[in-house]
Amino acid sequence: MTARKPSRTAKPATPARTAPADAATPLSEAPIAAVLPTPPAAAPAKKRTTRPPKKATAAPGTAAAPARRAKKAAAPPRPRGAAAPESHPVPPLDGADRGRLLAGEHHDPHALLGAHPVDGGVVVRALRPFARAVTVLAPGLRVPLLSEGDGLFSGLVPLPEVPEYRLLVAYDDHEIEVEDPYRFWPALGELDLHLIGEGRHEELWTALGARPMVHQGVAGTRFTVWAPNARGVRVCGDFSHWDGIGFPMRSLGSSGVWELFLPGIGEGALYKFDLCRPDGSHTTRSDPMARHTEVPPATASVVTASHHVWQDREWMERRGSVPVHEAPFSVYEVHLGSWRPGLTYRQLAEQLPAYVKELGFTHVELMPVSEHPFGGSWGYQVTGFYAPTSRMGSPDDFRFLVDALHRAGIGVIMDWVPAHFPRDDWALAEFDGRPLYEHSDPRRAAHPDWGTLEFDYGRTEVRNFLVANATYWCEEFHIDGLRVDAVASMLYLDYSREDGQWSPNEFGGRENLDAVAFLQEMNATVYRRNPGVVTIAEESTAWDGVTRPTDHGGLGFGLKWNMGWMHDSLVYVSKEPVHRKYHHNEMTFSMVYAYSENYVLPISHDEVVHGKQALVSKMPGDWWQRRANHRAYLGFMWAHPGKQLLFMGQEFAQGAEWSEGHGPDWWLLDPSYGAEADHRGVRDLVADLNAVYRATPALWQRDTRPEGFAWVDGGAAEDNVFAFLRHDAKGAPLLAVSNFSPVVRHGYRLGVPEGPRRWAEVLNTDAARYGGSDVRNGEPLGPEAVASHGRASSVVLTLPPLATVWFTPA
């Protein structure tokens, strides 16, 4: 419908459903004292008695004054000696309207409730379950309304136009004065509704959900929810004893959005939506757009507003100065809940930035922080896509952590999970009684691996929900990167499905074209709105163009996890050295496709759980050999083209698999532990790897360009040796040599490029300080005019056992 703006001279008689909202001011900008008392709390639905609650509830975050005192202070004056006029009876509601209203099925409760001008005065009708009496308070007037039963009160007030009024609601043992929610115009504008309908509202979190604000001069909270299949929607919460009868919402036309402004409700209020399904049954759901939630296993949504003052301006201004694929990028992957179990976001902010900075990583990657009901899912089954998990604090507490990392010079990547969501009956599954966020085809909706539901990427509002969510984390929490989980499961219609369990796309193929379009839109939107942010795909197949720009037909990601390199290289290092020559190509094959995408080399949490063993425990041999293999592998990884990612605990060679229940085995670094030096040596190596890496552009500047890499010897299978060169943009080289054999190789000749007169050892994973045997190349190596490996000059060096050595021109 087309909305009409109210006249500036005539005050609206009733909050018409199609009228636009007045300019609304966020509640956070208004003084707390402006928050009005909350509407009276109704008794729980299961106890349908006539006794009201014993105490009036005050708006969250405000002082609760005694109801009678508040009434006395706030009641409007009445002329001395003037009798309180009585309201006149009005025709009762139409039976159908009354029934739908009381059943929570009415699409336009504002047309029935509130104040409406009629011949002879103004009809005022209120729905106040369990109230004994309701009185209209206006300047100079106190007009009692007549009871219609079932909590409905009405009357004809003898005034020529709708006044500014409030309601005095009386219960058995107290009274409370409140604003009437049904006298307000919609607090959501036409442009918002248009963009929602088009699936193009890039700041959807500002339009849907619970938003504290000042509306028409009154402080409260606007509640909005998208539920196009619902017959009716009501708000319930701790402010109503979880009985939503008194707070039905209005439908804002064909948008499918329902809205209600509740005066007096502020930050900290708990709420849910009571939806009447198409079949007439009811379901109570948490808010899909909730920006804060109760601590699980509790499931209510929480009204919130941010008050954090960011102090990372310098970081935000310079983070996009160099494209990420041309910059140093080494990532420490963290599960916040178990990194230091029991710490809050603010306590983590005191420890995590310092630790990561000491190790020299450029970024942290946080396993999902979005709210989730089951800790054992590690956050990968999300129910609160717009809410950081409350297990460790509030949304502003999480902002504080991100801010602290930025001020320490550390970027923040978070895992983002748009592939699926769990089936919990208080969350997104069949949200309004029919498939809404999930696909309507059960074969497309059910995820075969995880027992979850897949999003319907072809529905514009669902796609909008996810695209806006990606930008939300970047803009509201200053996130620097999104690592998108399970991309492969999104791209293929037959992913983990047998014949007959899936249907092809319109061209007969197996590609999920809706998901492709969604990922392209998400990436294009994130990069356009947030310069310097990077998106990273966890994609395990040979899909072409994952990191190709969308305007060239690609998916538009900035980086892609190189799952092939991870798998192949771990197969190689898990073999006994005597057998490695038969698997030599496992380490060299990655260079066949190294420049097909912009890659990250991930040793992630997935590789150190569920019986896969920790990284050091994958290695063969005794304890010394396992640690040596571990160190040599990290040296090879940091030199290989691509960015690096290492999961927590692997930086100090933890021998046990990771468990979300207790996190890393920090006791291994306790000086009182006998083998502490073994683990601290590996940690010192990681810090030095990052230090040399960041100071050496050859290791990162041309990660995505073939001219940045050249084999010296990729075929020394009998020796278990790999030697290659890396070059920066100016051609300056670094020589990396890995010996995955447990023997020292003296006099090992390798061809080197012309130019450098000396090659100095800048890193050796066999150094004594790392726990190695300290076989070194102490003096710089001078090239000899002896041809080797297709080059006119060569150097002769000593290769330590199970070690990687880096050389640069001296």
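Residues numbered from 1 in each chain as written. Predicted model: local features only at pLDDT ≥ 70, side-chain atom pairs only at ≥ 80, totals over all residues. Heavy atoms only, no water.

Counting across every chain of the model gives 47 salt bridges. Between Arg-483 and Glu-538 there is a salt bridge; the shortest N-O distance is 3.5 Å. On the criterion of sequence distance, the pair formed by Arg-483 in strand E23 (residues 481-484) and Glu-538 in the loop between strand E24 (534-537) and strand E25 (559-561) is long-range, its members being 55 residues apart. Just as Arg-483 is buried, Glu-538 falls in that class too. (Salt bridge = Lys/Arg side-chain N within 4 Å of Asp/Glu carboxyl O. Helix = DSSP H or I, 4+ residues; strand = E, 2+ residues; numbered from the N terminus. Buried < 20%, exposed > 50% of the residue type's maximum accessible area, 1.4 Å probe, protein only.)

Pairing in this open sheet of 4 strands is antiparallel, and the strands run E2-E3-E7-E6 from one edge to the other. Bordering the open sheet on either side are strand E2 (114-118) and strand E6 (146-149), each of which pairs with just one other strand. On average, each strand axis in the sheet is inclined to that of its neighbour by 25 degrees, with strand direction left out of account. In this sheet, strand E7 (residues 152-157) lies alongside E6 in antiparallel orientation, the contact comprising 3 bridges. From the neighbouring strand, Leu-146 faces E7, where its bridge partner is Ser-154. Packing of helix H2 (residues 95-102) onto the sheet brings it into contact with strand E3 (121-127), E6 and E7, and relative to E7 it is tilted by some 130 degrees. (Pairing = 2+ DSSP bridges. Axes fitted to C-alpha atoms, helices over the stretch in contact; angles between N-to-C directions. Contact = heavy atoms within 4.5 Å.)

The next point concerns the sheet that holds strand E8 (residues 166-170). Strand order in the open sheet made by the 4 strands is E5-E4-E8-E9, with antiparallel pairing throughout. Strands with a single pairing partner mark the edges of an open sheet, and in this sheet they are strand E5 (141-144) and strand E9 (175-178). Looking at each pair of strands side by side, their axes are set apart by 25 degrees on average, direction ignored. With 4 bridges joining them, strand E4 (residues 133-138) and E5 adopt antiparallel strand pairing. Pairing of Val-136 across the sheet is with Val-143, part of E5.

Within soluble globular proteins, side chains that are nonpolar tend to cluster in buried spots. The biggest cluster of nonpolar side chains holds 174 residues, and the ones touching the most others in it are Phe-223, Leu-336 and Phe-398. Per element, the largest residue contribution to this core is 9 residues, and it comes from helix H9 (residues 460-476). In this structure, Phe-398 is in contact with Leu-336, Tyr-345, Leu-366, Val-369, Pro-388, Trp-473, Phe-477 and Ile-479, ignoring residues within four places of it in sequence. Among the nonpolar cores identified, the runner-up in size contains 21 residues, and Val-157, Tyr-165, Tyr-171 and Val-178 belong to it. (Core = buried A, V, L, I, M, F, W, Y, C linked by side-chain atoms within 4.5 Å.)

Take the packing of H9 against helix H11 (residues 513-529) next. One way to put it is that H9 packs onto H11 with a least axis distance of 10 Å and a crossing angle of 30 degrees. One way to sum up the angle between H9 and H11 is to call them roughly parallel. By crossing handedness, the relation of H9 to H11 is classed as right-handed. Facing Arg-463, Leu-466, Val-467, Ala-470, Thr-471, Cys-474 and Glu-475 of H9, the residues of H11 in contact are Phe-518, Glu-521, Met-522, Thr-525, Val-526 and Arg-529. Here the residues of the contact of H9 with H11 sort into 7 nonpolar, 2 polar and 4 charged. (Parallel < 35°, antiparallel > 145°, perpendicular 65-115°, else oblique. Left-handed = near helix turned anticlockwise from the far one by under 90°. Nonpolar A, V, L, I, M, F, W, Y, C, P; charged D, E, K, R; others polar.)

Detailed reading of the predicted coordinates is not advisable wherever pLDDT falls low. Per-residue confidence for the chain averages 90 on the pLDDT scale, and 89% of its residues sit at or above 70. Here residues 1-83 scores under 50 on pLDDT; set against residues more than four positions off or in separate chains, the count is 187 contacts. (pLDDT = per-residue confidence, 0-100.)

Turning our eyes to something else, we now look at the packing of aromatic side chains. As enumerated under the stated definition, the model contains 47 aromatic pairs in all. Against the face of Trp-339 rests Arg-340, its NZ or CZ located 5.3 Å from the ring centre. Taking the ring centre of Trp-561 as reference, the NZ or CZ of Arg-483 above it sits at 4.1 Å. (Phe/Tyr/Trp six-rings, centres within 6.5 Å; stacked < 30°, edge-to-face > 60°. Lys NZ or Arg CZ within 6 Å of the ring centre and 35° of its normal.)

The step from Pro-296 to Pro-297 runs through a cis peptide bond, and the omega angle for that step is 15 degrees. Structurally, Pro-297 is set in the loop between strand E16 (282-285) and strand E17 (301-302). Here His-789, not a glycine, exhibits a phi torsion of approximately 55 degrees, which is positive. Inspection of the secondary structure puts His-789 in the loop between strand E32 (759-764) and strand E33 (793-799).

This paragraph deals with the pairing of E23. Side chains Gly-481 and Arg-483 project from E23 onto one buried face, and the interleaved Leu-482 and Val-484 project onto a second face that is buried too. As paired elements, strand E22 (residues 411-416) and E23 share 4 bridges and run parallel to each other. Pairing of Ile-413 across the sheet is with Gly-481, part of E23. Two elements, E23 and E24, share 4 bridges in a ladder whose sense is parallel. What sits directly across from Leu-482, in E24, is Thr-535.

Attention now goes to the side chain of Glu-333. Mapped onto the fold, Glu-333 is located in strand E18 (residues 330-334). Here Glu-333 sits buried without a salt bridge, and the closest side chain of opposite charge, Arg-483, lies 5.6 Å off (N-O distance). Once residues within four sequence positions are removed from consideration, Glu-333 is found in contact with Glu-365, Met-367, Asp-415, Trp-561, Ser-604, His-605, Leu-645, Leu-646, Phe-647 and Met-648. (Lys, Arg positive; Asp, Glu negative; His and termini not counted.)

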